[in-house]
Amino acid sequence: MENNGWNEFEIGAMLRSFDGAVSDVATTLQEDRPYSRSNSFTASVADWRIEKPVFNKDYCIDCQFCWIYCPDISIISRDKKMVGVDYDHCKGCAICVEVCPTNPKSLLMFAEQEDEDKVLAEWPTKEKKEK
Amino acid sequence: MAEKQELRDVEVWDGNMAASQAMRQVQIDVVAAYPITPSTPIVENYGNFLANGYVDGEFVMVESEHGAMSGCIGASAAGGRVATATSSQGFALMVETLYQASGMRLPIVLNVVNRALAAPLNVNGDHSDMYLGRDSGWIQFDAYNPQDAYDLNFIAFRVAEDHEIRLPAMVHQDGFLTSHTAQGVHTIDDDTAYNFVGDFKPMNDMLDLDHPVTHGVQTEEDWHYEHKARQHNDLMTKVFPRIEAAFDAFEKLTGRRYNIVEQYNTEDADAVVVCMGTSVETAVEVSNELCAEGKKVGVIGIRVVRPWPHAQLVEALKGVTAIGALDRSSPNGTFGMLYNELAGTVVNGEEKKVVTNYVYGLGGRDLTKVHLREIFAELLANAEAGKPTTPLQQLIGVRGPKISFH
Amino acid sequence: MSEIKKIKNLKEFSTSADRFEGANLLCPGCAHSIIVREVLNATNDDLILAASTGCLEVCTAVYPYTSWDASWIHIGFENGSTAVAGAEAMYKALKNKGRLKQPDREPKFVAFGGDGASYDIGFQWISGCFERGHNMMYVVLDNEVYANTGGQRSSSTPIGASTTTAPAGRVSYGEKMHKKNMMQIMAAHGSPYVAQVAPNKWKDMIKKIQHGFSVEGPVFINAMSACTTEWKFLPEDTIAVSDLATDSLVFPLYEIIDGTKLNITYRPKNVIPVKDYLGAQGRFKHLFKPENKHVLDEWQARVDRDWEYLQRREEASV
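Residues numbered from 1 in each chain as written. Chains lettered and ligands numbered in written order. Predicted model: local features only at pLDDT ≥ 70, side-chain atom pairs only at ≥ 80, totals over all residues.

Once that is clear, we can look at the domain arrangement of chain A. Domain boundaries in chain A define domain 1 (11-43) and domain 2 (44-117). Look at where the C-alpha atoms of domain 1 of chain A and domain 2 of chain A centre, and you get two points 25 Å apart. (Domains from an automatic or database assignment.)

So, in structure tokens, the structure goes:
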């Protein structure tokens, strides 16, 4: 949002979540919401990341551990399926990778500048359990 | 639906009852309150109205004054009419939240029954609490008697809730001298009183579930100044026209006239005292007597303390040479607030004025007619001399050696 | 009473539409937002929210952005509880007067506060709200430290933790006081429902939040919020550290109904030693010096004793 002058915003430093009415937000998916410019959904924290999680759907079992434990609403799940990572809002904490139960993991951290196709092509294979 | 009360045209009410009756008549949605002397009866009266079906809003008896204003802020942001009452230490405990209420532009009405601030502890009236709130971004009205306390409540709700204003407002009255002194109060019937203020019109209300709003955000160096500037601008430019309009409408309705700056015998006065609260009536009585003796002395009562009525005072003080600023609060290391504000008001004018400061009445000490006669005599001497003939600041009515400064 | 949202399993839960947004300013790996998401997603009802000053508040409403898709208010450090109680009072008033804009919808009122805002500075306000019986839920995001201001002790800080105001040093092992028992204090208010939750045990948490939403009156939830910054562990380990906390019984998961009836809601299959939990965090690392062994021993003994007490309370059913 541009830096408005003192006479150019609503009084009381009040912020609106949406432009216009949303009558059932709890069942309206993000893509269907009329987010206002002051909703942080419209902002990005991508530059916080040094590493990014990359999702490999070949190994995913849609357990949704990554979805529930993601602190940044950055695991996109639709119709009970893991769809991908929201790179505007992911801060790169790697919790999703830690909680992923598949072998090999369906989510792994890579340097921010790594090419996604390249890392998917070189995805590690199944690890033997230790012990 | 709350039951109505049949009021006599003139009721014998003290200031507390006058304020609580006004609060009943405007049908507040939420009162969150904590009792403290001398405003306790406002809260008690309101509880009594509730217990007898005269009020159908929520009455939340919280655990502290800070909680009272916190609850009022939450309720007001939710979207409805909100008011409470307090005094002194309770007011002091509320101070943090006063700034939050005004910064969030929530039109809460607070009846402040003025009382001294400890230490030492004191339950009687002076203006220390009123002065403590003067930078908090609220509109501050000052009542001189129970009638004013009643009437100014209606004005306060009407102005505060105006969507162009959306600022909280205090109605001040003097502890005990007004709050506990029963006088004849001309009443307004319930429907007329309610209609004068009108239905509450919500704005940015949290309870509008289709339009979620975020209140009480953080703004740092990149935004904070703009928001404070906006609030200051609205106080400086928008409030007085609305107060004037409300005073006009109120006069039309009741015949009772209020002014942002009340003037008594000021037309060709050489000297005036400027004061607030019950002292105004005492000063006017003395001024009348002195005028009858041929002395040109008048009284200016501040009706609206915030925003400060700079332009109105410049006008009212035209032709006046000597000004006595009467402050009922310990300045603790400087001049009194009224002195400083008045000096700032007149310093750039073309007429040379002599402004002196009298501190009086702390902790409920009486201001007598004898005091005022002495003050007027000194002010007339200043006017005659065209310069101060006394120390700039004097503490009057205090035991011990004469105490004055500068 | 509105319908309770059906959440049979995690797949079904994952169809929830979050009402808390990303690009907030919480640290990477912060448990606060995991907790907030679980609380908000536990219901489809409308929400009126409040937060006391603290990490959650300063990171989710920094002008010109809000991360909230429900009405939300912050006043000060101590009064998130009373802010939402005031809104709840207004809801009752407007309902009674027939002035609600959406009269057929019944919002839930929820306040969030850190342990600083809840155990310490805002304690009186919470107590007042609970005594008055507002229909609201108060959720403590308990990270046992004033994290927002850089790691000062609170009355929730456990013994032996090193904080900036009670640091470990040559002659001190850090915090000397035991963590305040807010669960018992709030139960003593006669609250219809008091529960301790942890975000790693999401199913237990959702069940408790939904129960909390289903009862009338003030509900108290103490949510363990593992703090990567002040507990000093890597951001990716938030859930792992939370598991250590619940499985070592340092954070036992239980509920107290109507101020008296206590139920333990999670019994670890393998209880792990307390030192495994402490050892995973930098704030306790000095406890592993030989001269501080007595603190470690004391820790384990106290956790055992507290667990024993909870089991007895549950058994006695009083």
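What follows is about the sheet that holds strand β15 (residues 354-359) of chain B. In a beta sheet, neighbouring strands are held together by backbone hydrogen bonds and run either parallel or antiparallel to one another. All names here are of chain B. Spatially, 7 strands are ordered β10-β12-β11-β14-β15-β16-β17 in an open sheet, and the strand pairing comes out mixed. At either end of the open sheet lies a strand with only one pairing partner, and these are β10 (261-264) and β17 (403-405). Looking at each pair of strands side by side, their axes are set apart by 20 degrees on average, direction ignored. Helix α12 (residues 337-346) contacts β11 (271-275), β14 (322-327) and β15 of the sheet and is inclined by roughly 150 degrees relative to β14. (Pairing = 2+ DSSP bridges. Helix = DSSP H or I, 4+ residues; strand = E, 2+ residues; numbered from the N terminus. Axes fitted to C-alpha atoms, helices over the stretch in contact; angles between N-to-C directions. Contact = placed C-beta atoms within 7 Å.)

Residues and elements named next belong to chain B. Neither face of strand β6 (residues 139-142) is exposed, since Ile 139 and Phe 141 on one face and Gln 140 and Asp 142 on the opposite face are all buried. As paired elements, β6 and strand β7 (residues 169-174) share 4 bridges and run parallel to each other. Bridging across to β7, Asp 142 finds its partner in His 172. As paired strands, β6 and strand β13 (residues 304-306) are joined by 2 bridges and run antiparallel to one another. (Buried ≥ 20, exposed ≤ 12 C-beta atoms within 10 Å, placed from the backbone.)

Here we take up unusual backbone geometry. Going from Asn 103 of chain A to Pro 104 of chain A, the amide bond is cis rather than trans, its omega being -5 degrees. Cis geometry is adopted by the peptide bond preceding Pro 38 of chain B, which originates at Thr 37 of chain B and carries an omega value of 0 degrees. Looking at the secondary structure, you find Pro 38 of chain B in the loop between β2 (30-33) and α2 (40-51). Residues other than glycine seldom take positive phi values, yet Asn 265 of chain B does so here, at roughly 55 degrees.

If you look at the interface, chain C gives 42 residues, while chain B gives 39 residues. Of all elements in the fold, only β1 (47-51), β2 (71-73), α4 (80-97) and α6 (123-132) of chain C reach the threshold of two or more residues within the side of chain C that touches chain B. The leading source of residues in the side of chain C that touches chain B is α4 of chain C, at 14 residues. Of the residues contributing to the side of chain C that touches chain B, the split by class is 23 nonpolar, 12 polar and 7 charged. As paired elements, strand β9 (residues 213-215) of chain B and β2 of chain C share 2 bridges and run parallel to each other. In the sheet register, Thr 214 of chain B faces β2 of chain C, and the bridge partner there is Trp 72 of chain C. (Nonpolar A, V, L, I, M, F, W, Y, C, P; charged D, E, K, R; others polar.)

All names here are of chain B. In this model, helix α4 (residues 88-103) (16 residues) spans 22 Å end to end at C-alpha, consistent with the 22 Å of a helix rising 1.5 Å per residue. A bend of about 55 degrees at Val 95 is the largest found in α4. Buried residues along α4 sit against α3 (65-79), β4 (82-86), β5 (109-114), α5 (128-132) and α8 (224-237). Just downstream of α4 lies Arg 105, where phi reads positive at about 60 degrees. (Expected span 1.5 Å × (residues − 1). Bend = angle between axes of the 7 residues up to and from the residue.)

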